[in-house]
Amino acid sequence: MEQKIVNVFLASPRGFCAGVDRAVEIVKKTINKFGAPVYVRHEIVHNQFVVENLRSLGAIFVEELSEIKDKSRPVIFSAHGVPKKVINEAKLNNIIYIDATCPLVTKVHKEAEMLAKEEFNIIFIGHKNHPEVIGTIGQIDNNYITLIENKDDVDSYFPKIKNNKFAYITQTTLSVDDTLEIISLLKKKYPSIKEPIKSDICYATTNRQEAVKQIAGKCDLFLIVGSKSSSNSQRLVEVAKRFGCKESILMHSDQALPVDKIKNSKNIGISSGASAPEILVENLIKEIKSITNIKLEEVITSVEK
């Protein structure tokens, strides 16, 4: 009897974005320059494999600067960015700090600062408690900025400053489609609302979502490699479901391979979040190959430079 072949569609672009790659390299180069240990405030990027690898080289991960035992050692701020008070705390304690904030996150920080100077009511679209959101809100006086997570929040939003100046900014790793819905409601409510000159959602997030959209409709199963704490990976799962593949699963470090679902699928889609290294995708493909015969096709929707 002829053995079944499963079509595996590999989304491209996928995996590491330039900001993540840069942040990981900053940690490695800091260890090379200063020797081990070096401290990293928060996970440098949201991926356990990457974090463990850097830990083996001599990185110590902390959530707050107060946890640093040896203040003579350098500390690196993660790609997600930090509130200004953290930088001030480092200066106060004479700690050498290296800022690995993604330049596209820094762009949003600068926007918030400029809008606050001009006394705008800033509506910040993002996910509560995400480190990027905490970092951005921490750039300015809280009176100028309000976090909105969903469409209901638009209805209940009430400006803190009594003027008619409104602007919005967004977290860089959101779902493009969800954000457009919220923005269109904001524009209805405040027709003169100021928007970013260029979208705050980063090109890597947009490109990865677009690649998943192209594949999802023909897949019985979609596997997204990434961590539970990774916003952009979670959004890829949601995009796959929304665009036609209801059986979309986040393949995080504790997630067992869905063997039965793989065996029952004709077409499987695979992608990975911007903080997931390519070796994890390669390992997943090897595991699928051990279960069934596959025909692998890479679907390239854009090329990142």
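Chemist: Honestly, the sheet that holds strand E11 (residues 267-272) in this entry has me stumped. Any pointers?
Modeler: Strand pairs in the sheet, formed through backbone hydrogen bonds, run parallel or antiparallel to each other. Taken in spatial order, the five strands of this open sheet run E10-E9-E11-E1-E12, and their pairing is parallel. In this open sheet, the two strands that pair with only one neighbour each are strand E10 (248-251) and strand E12 (293-300). This sheet shows a mean twist of 25° between the axes of neighbouring strands, independent of strand direction. Across four bridges, strand E9 (residues 221-225) lies against E10 in parallel orientation. Note that in E10 the partner of phenylalanine 222 across the bridge is serine 248. On top of the sheet, helix H8 (residues 203-216) reaches strand E1 (5-12), E9, E11 and E12; it is set at about 155° to E1, its chief contact.

Chemist: Quick question: what am I supposed to make of the pairing of strand E6 (residues 121-125) here?
Modeler: In summary, the side chains of a regular strand alternate between the two faces of the sheet. Most of E6 is tucked away, with five of its five residues classed as buried. Across five bridges, E6 lies against strand E8 (residues 166-170) in parallel orientation. Residue pairing in the sheet places isoleucine 125 in a bridge with threonine 170 of E8. The sheet contact formed by E6 and strand E7 (residues 145-148) spans four bridges and is parallel. Of the residues in E7, the one forming a bridge with isoleucine 125 is isoleucine 148.

Chemist: Even after reading the chapter, I still don't get the sheet that holds strand E4 (residues 75-77), so can you show me in this structure?
Modeler: Taken together, the four strands give an open sheet; going across it, the order is E3-E2-E4-E5, and neighbouring strands pair in parallel fashion. The open sheet has two free edges, formed respectively by strand E3 (59-62) and strand E5 (97-99), since each of these has just one partner strand. Geometrically, the sheet is characterised by an average inter-axis angle of 25° between neighbouring strands, direction not taken into account. Direction of pairing for E4 relative to E5: parallel, over a ladder of three bridges. Pairing of isoleucine 76 across the sheet is with isoleucine 98, part of E5. Sitting on the sheet, helix H1 (residues 18-34) touches strand E2 (38-41), E3, E4 and E5, and the angle it makes with E5 is about 155°.

Chemist: In this structure, what is going on with the nonpolar core? I would like to understand it.
Modeler: For soluble globular proteins, the rule of thumb is that nonpolar side chains tend to be buried together. Counting residues in hydrophobic clusters, the biggest one holds 23 residues, and the most contacted among them are Val27, Ile44, Val45, Leu54 and Ile76. Taken together, the elements giving at least two residues each to this core come down to H1, E2, helix H2 (48-57) and E3. Top contributing element to this core by residue count: H1, with six residues. Those residues in contact with isoleucine 76 that sit more than four places away from it in its chain are Ile26, Val27, Thr30, Val38, Tyr39, Val40, Arg41, Ile44, Ile98 and Ala100. By size, the runner-up hydrophobic cluster in this structure holds 18 residues, among which are Val6, Ile249, Leu257 and Ile294.

Chemist: It is not clear to me how the side chain of serine 233 should be interpreted in this structure. Could you clarify?
Modeler: As for its position among the elements, serine 233 is in helix H9 (residues 231-242). Residue serine 233 is classed as buried on the basis of its relative accessible area, which comes to 0%. Setting aside residues no more than four positions away along its own chain, serine 233 makes contact with Ile224, Val225, Gly226, Ser227, Leu250 and Gly273.

Chemist: Please explain the packing of aromatic side chains as it appears in this structure.
Modeler: Any two aromatic rings considered together are summarised by their centre-to-centre distance and by the angle between their planes. Within this structure, the stated rule accounts for three aromatic pairs. Considering the side-chain rings of phenylalanine 77 and tyrosine 97, the 5.3 Å spacing of their centres and the 25° angle between planes classify their relative orientation as stacked. A residue pair is termed long-range when its members are at least 10 positions apart, and phenylalanine 77 in strand E4 and tyrosine 97 in strand E5 qualify at 20 residues. We classify tyrosine 97 as partly exposed; its relative accessible area is 29%. Within the aromatic cluster, the residues linked to one another by ring pairs are Tyr157, Phe166 and Tyr190. Over the aromatic face of phenylalanine 120 sits the side chain of lysine 165, whose NZ or CZ is 4.8 Å from the ring centroid. Note that lysine 218 overlies the ring of phenylalanine 9, its terminal NZ or CZ placed 4.6 Å from the centroid.

Chemist: Sorry, what's going on with the pairing of E11 here?
Modeler: Taking burial as the measure, the six residues of E11 include six buried ones, the bulk of the element. Residue alternation in E11 divides its side chains into two sets, Asn267, Gly269 and Ser271 and Ile268, Ile270 and Ser272, and both sets are buried. Of the pairings in the sheet, the one linking E1 to E11 comprises four bridges and is parallel in character. Bridging across to E11, valine 8 finds its partner in isoleucine 268. Pairing geometry for E9 and E11, over five bridges, is parallel.

The rules behind each value
- Residues numbered from 1 in each chain as written.
- Predicted model: local features only at pLDDT ≥ 70, side-chain atom pairs only at ≥ 80, totals over all residues.
- Heavy atoms only, no water.
- Pairing = 2+ DSSP bridges.
- Helix = DSSP H or I, 4+ residues; strand = E, 2+ residues; numbered from the N terminus.
- Axes fitted to C-alpha atoms, helices over the stretch in contact; angles between N-to-C directions.
- Contact = heavy atoms within 4.5 Å.
- Buried < 20%, exposed > 50% of the residue type's maximum accessible area, 1.4 Å probe, protein only.
- Core = buried A, V, L, I, M, F, W, Y, C linked by side-chain atoms within 4.5 Å.
- Phe/Tyr/Trp six-rings, centres within 6.5 Å; stacked < 30°, edge-to-face > 60°.
- Lys NZ or Arg CZ within 6 Å of the ring centre and 35° of its normal.

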